[in-house]
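Each chain, written out:
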Amino acid sequence: MSVIIILLCVSFLISLGFFSFLERKDGQYDDSVSPANKILFDTKILKTSKMNIEKFSYDNKMPRLFAMACVFWGAVGMLLGL
């Protein structure tokens, strides 16, 4: 039991080390001249004559069947103890 407590403390200290290393530095996101920020904060208004909106739909049959099969076989695996 004491080994588990020691391992939990060590993993907590390691995670604190990683989080402090990955901490955001001051000025890291202060770039205001990149194209992405120019697009977001552009004040020009573009006038278009008429916008065409296309309508589309997805066929969700296969993803739905795949999700149901995953849930089913996951339950079967847990019931069998795999």
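Parameters and conventions
Residues numbered from 1 in each chain as written. Predicted model: local features only at pLDDT ≥ 70, side-chain atom pairs only at ≥ 80, totals over all residues. Heavy atoms only, no water. Helix = DSSP H or I, 4+ residues; strand = E, 2+ residues; numbered from the N terminus. Buried < 20%, exposed > 50% of the residue type's maximum accessible area, 1.4 Å probe, protein only. Areas by Shrake-Rupley, 256 points an atom, 1.4 Å probe, with all protein chains shown as cover. Patch = residues over 30% accessible without salt bridge, like charges linked within 9 Å, V, L, I, M, F, W, Y side chains within 5 Å. Salt bridge = Lys/Arg side-chain N within 4 Å of Asp/Glu carboxyl O. pLDDT = per-residue confidence, 0-100. Phe/Tyr/Trp six-rings, centres within 6.5 Å; stacked < 30°, edge-to-face > 60°. Expected span 1.5 Å × (residues − 1).

## Concerning the overall build of the protein
When helices and strands are counted, the protein shows three helices and zero strands. Starting at the N terminus, the α and β elements of the protein follow one another as α-α-α. Counting over 82 residues, the protein shows a buried share of 2%. Per element, the accessible surface of the protein, about 9,000 Å² overall, is 69% carbon and sulfur.

## Focus: a nonpolar patch on the surface
A cluster of nonpolar side chains, contributed by M1, I4, I5 and L8, occupies part of the molecular surface with about 470 Å² of accessible area. Note on placement: L8 falls in helix α1 (residues 2-21).

## Examining the confidence of the model for the protein
The share of residues in the protein with pLDDT of 70 or more is 60%, and the mean pLDDT across the chain is 76. Within the protein, no element has a lower average pLDDT than helix α2 (residues 35-40), which sits at 64, and none a higher one than helix α3 (residues 61-80), at 91.

## Topic: the packing of aromatic side chains
On inspection of all chains with the given rule, the structure shows one aromatic pair. Measuring from ring centre to ring centre gives 4.9 Å for F72 and W73, while their planes differ by 75°; the resulting arrangement is edge-to-face. When its relative accessible area of 47% is taken as the criterion, F72 is described as partly exposed. The exposure class assigned to W73 is exposed, which follows from its relative accessible area of 58%.

## Regarding α3
End to end, α3 covers 28 Å across 20 residues, agreeing with the expected 28 Å (1.5 Å per residue, within 8%). The buried fraction of α3 amounts to one of the 20 residues, a small share that puts the element mostly on the outside. Phi turns positive, to about 80°, at G81, one or two residues after α3.

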